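Residue-level structural notes
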Amino acid sequence: MSPRVVLVGPMGAGKSTVGALLAEAWGTSARDTDTDVEAVAGKTVSEIFLDDGEAAFRTLEKDAVAQALTGHDGVLSLGGGAVLDEQTRGLLEGQRVVFLKVGLSEAVKRVGLGTSRPLLLGNVRARIKALLDERTPVYESVATETVDTDGLTPEQVAEEILRKVPA
């Protein structure tokens, strides 16, 4: 068993929202590994970062992704940093992976400047730019398809994926 499609991309790309739309269109379920991590830890991603640190979160995330890739046959949305793990990238080989690409100004608008995202403490725009610069080549390396989400609604992004990914 493996997911019908795996969505990757930075925060603000719309992975969870688009994942739900795709699942509805295909009559399947949507799963988000950040939600899985929160369920296992019994606290939010932000609380895990603050209480236990990023390394603890990444360990939980790696396990959640591995379980979801073998135990879920619907639409799977990965947390923005999940692809940084080498083993996770290996598990994504052979999967149908769609990179939801988002530009800096659009990501800042979507995430918002008053955000509770732990990796964005400080200068939000600068942090998002650094994350995009660091992670975009990794997203591109694991993706079988890329959809540029700038200027598109979640429904339009989902429609684009439905065109690119065979039913």
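All values reported here derive from a predicted model rather than from experimental measurement. (Residues numbered from 1 in each chain as written. Predicted model: local features only at pLDDT ≥ 70, side-chain atom pairs only at ≥ 80, totals over all residues. Heavy atoms only, no water.)

Before going further, it helps to examine the packing of helix 3 (residues 45-52) against helix 4 (residues 54-71). For the pair helix 3 and helix 4, the least separation of the axes is 7 Å and the interaxial angle reads 130 degrees. Our classification of the angle between helix 3 and helix 4 gives oblique. For the pair helix 3 and helix 4, contact is made by Val45, Ile48, Phe49 and Asp52 and by Glu54, Ala56, Phe57, Arg58 and Leu60, respectively. (Axes fitted to C-alpha atoms, helices over the stretch in contact; angles between N-to-C directions. Helix = DSSP H or I, 4+ residues; strand = E, 2+ residues; numbered from the N terminus. Parallel < 35°, antiparallel > 145°, perpendicular 65-115°, else oblique. Contact = heavy atoms within 4.5 Å.)

Read from one edge to the other, the open sheet built from five strands follows the order 2-3-1-4-5, with strand pairing classed as parallel. At either end of the open sheet lies a strand with only one pairing partner, and these are strand 2 (30-32) and strand 5 (145-148). Direction aside, neighbouring strands of the sheet carry axes that sit 20 degrees apart on average. Both strand 2 and strand 3 (residues 75-77) contribute to a ladder of three bridges, which runs parallel. Within strand 3, the residue paired with Asp32 across the bridge is Ser77. Sheet contacts for helix 4: strand 1 (5-8), strand 2 and strand 3; angle to strand 2, the most-contacted strand, approximately 165 degrees. (Pairing = 2+ DSSP bridges.)

Let us now look at the packing of aromatic side chains. Scanning the model with the defined rule gives two aromatic pairs in all. Summarising the aromatic geometry, the rings of Phe49 and Phe57 are spaced 5.0 Å apart at their centres and angled 40 degrees between planes, so their arrangement reads as tilted. Phe57 gets classed as buried once you look at its relative accessible area, which sits at 3%. (Phe/Tyr/Trp six-rings, centres within 6.5 Å; stacked < 30°, edge-to-face > 60°. Buried < 20%, exposed > 50% of the residue type's maximum accessible area, 1.4 Å probe, protein only.)

Looking at helix 2 (residues 33-41), one finds that the buried residues are Thr33, Asp36 and Val37. End-on view of helix 2: buried residues confined to an arc of 100 degrees, all on one side of the axis. Residue Asp32 occupies the N-cap position of helix 2, its side-chain oxygen lying 2.8 Å from the main-chain nitrogen of Asp34. Of the residues flanking the end of helix 2, it is Gly42, one or two places downstream, whose phi is positive at about 75 degrees. (Arc of directions from axis to C-beta. Polar contact = N/O pair within 3.5 Å; in protein donor to acceptor, adjacent residues only side chain to side chain.)

Counted according to the given criterion, the structure contains one cavity of 30 Å³ or more. By volume, the largest cavity amounts to about 40 Å³. Ranked by the residues each element gives to the lining of the largest cavity, the list is headed by helix 7 (residues 124-142), at three residues. (1 Å grid on protein atoms, 1.4 Å probe; cavity = no way out; pocket = protein on both sides within 12 Å on 5 of 7 lines; lining within 4 Å. Points joined across faces, edges and corners; volume = space filled by probe spheres on them.)

When helix 3 is considered as a whole, its buried residues turn out to be Val45, Ser46, Ile48 and Phe49. Each buried residue of helix 3 sits inside an arc of 165 degrees when the element is viewed along its axis, so together they form one side. In helix 3, those exposed residues whose orientation departs by more than 90 degrees from the buried face are Leu50 and Asp51. Where helix 3 is buried, its residues contact helix 2 and helix 4.

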